[in-house]
Amino acid sequence: MELLPFIFIRHGETDWNRAGLFQGRSDIPLNETGKEQAREAARRLANLSVSKVMVSPLKRAMETATLAFPNSLALIKVEQDLIECDFGSLEGKSIKDSMNEYGITRKEQLAEILPNDGEPWSAVLKRCKVLLAKITAVQRFGSTVVLVGHDAVLQGISETLTGHWFQSEHGQPHYFEKGPAGWAVVNSMCPGNAR
């Protein structure tokens, strides 16, 4: 079966996000802004027919999923391959300071500076390909599979399907669709909305 359009929601904001820190596998909860972002996602997706919500096991993603789909909790299933990248010794450090230290200016260059004691970018991309196969296996025509996870995995999926990274927002549903020119990420709430 061919991969159908799907939605990826980046988890809501945490205090570490607000401080601009590498968060990785640290299990940081949503802050109040993050909770409101998840509730806003619920309002935006209220009319969407959802067949499954696959969610990272980390607390910030689980909280986002339960707030975004309060009436569909039975559809929420933990998916280990959605867990955030292990940033190793970068964990808890300033992203901006690390970019300055390594002389990089674009977010996608972070994949080039991942430390040896963390998860290599090639492993993240491998997980993303596994995730896409899992989506294909559970999708159904007429309803949408939703992923709730983290920016590195979101960017890995985007790189795999579209060939590039994009500017993602916390709590924002990003709709992946395939057009004549290939896959694209549409920053609208769900299919059929104004682009």
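Further up the page is the structure itself.
> Before we go on, may I ask you to explain the pattern of salt bridges in this structure?
Two side chains of opposite charge can pair, provided their charged atoms sit close to one another. On inspection of all chains with the given rule, the structure shows 13 salt bridges. Here the salt bridges do not stand alone but share partners, grouping E36, R39, E40, R43 and R44 into one network.

> Is there a simple way to think about the nonpolar core in this case?
One broad rule of soluble globular proteins: the nonpolar side chains tend to lie buried together. If you look at the biggest cluster of nonpolar residues, it comprises 33 residues, and the most contacted ones within it are F6, L147 and I157. Elements with a contribution of two residues or more to this core: β1 (6-10), α5 (121-138), β4 (144-149) and α6 (151-162). Apart from residues lying up to four places away in sequence, I157 is in contact with F6, F8, C128, L131, L132, L147 and F176. V50, V53, A68 and F69 belong to the second-largest nonpolar core, a separate cluster that totals 17 residues.

> How should I be thinking about the packing of helix α2 (residues 32-44) against helix α3 (residues 59-68) in this particular structure?
Running from N to C, α2 and α3 cross one another at 40°; their axes reach a closest spacing of 7 Å. The angle between α2 and α3 places the two elements in the oblique class. When the axes of α2 and α3 are compared, the crossing they make is right-handed. In this structure, α2 uses K35, A38, R39, A41 and A42 to contact α3, whose residues at the interface are E63, T64, L67 and A68. The class makeup of the residues in the contact of α2 with α3 is five nonpolar, one polar and three charged.

> Would you take a moment to explain the packing of α5 against α6 for this structure?
Two numbers describe a pair of packed helices, the interaxial angle and the distance between the axes. Between α5 and α6, whose axes approach to 9 Å, the crossing angle comes to 75°. Between α5 and α6, the interaxial angle falls into the category roughly perpendicular. Residues W121, V124, L125, R127, C128, K129, L131 and L132 of α5 lie in contact with α6, whose contacting residues are A152, V153, Q155, G156, I157, E159, T160 and L161.

> I would appreciate a short explanation of the environment of S98 in the present structure.
Tracing the sequence through the fold places S98 in helix α4 (residues 95-102). Residue S98 is classed as buried on the basis of its relative accessible area, which comes to 3%. Taking C-alpha positions, S98 is 8.9 Å from L110, a pair spaced 12 residues apart along the chain. Within polar-contact distance, the side chain of S98 engages the backbone oxygen of S94 at 2.9 Å.

Conventions adopted
Residues numbered from 1 in each chain as written. Predicted model: local features only at pLDDT ≥ 70, side-chain atom pairs only at ≥ 80, totals over all residues. Heavy atoms only, no water. Salt bridge = Lys/Arg side-chain N within 4 Å of Asp/Glu carboxyl O. Core = buried A, V, L, I, M, F, W, Y, C linked by side-chain atoms within 4.5 Å. Buried < 20%, exposed > 50% of the residue type's maximum accessible area, 1.4 Å probe, protein only. Helix = DSSP H or I, 4+ residues; strand = E, 2+ residues; numbered from the N terminus. Contact = heavy atoms within 4.5 Å. Axes fitted to C-alpha atoms, helices over the stretch in contact; angles between N-to-C directions. Parallel < 35°, antiparallel > 145°, perpendicular 65-115°, else oblique. Left-handed = near helix turned anticlockwise from the far one by under 90°. Nonpolar A, V, L, I, M, F, W, Y, C, P; charged D, E, K, R; others polar. Polar contact = N/O pair within 3.5 Å; in protein donor to acceptor, adjacent residues only side chain to side chain.

So, to be careful, I would describe these as geometric facts and stop short of saying anything about function.
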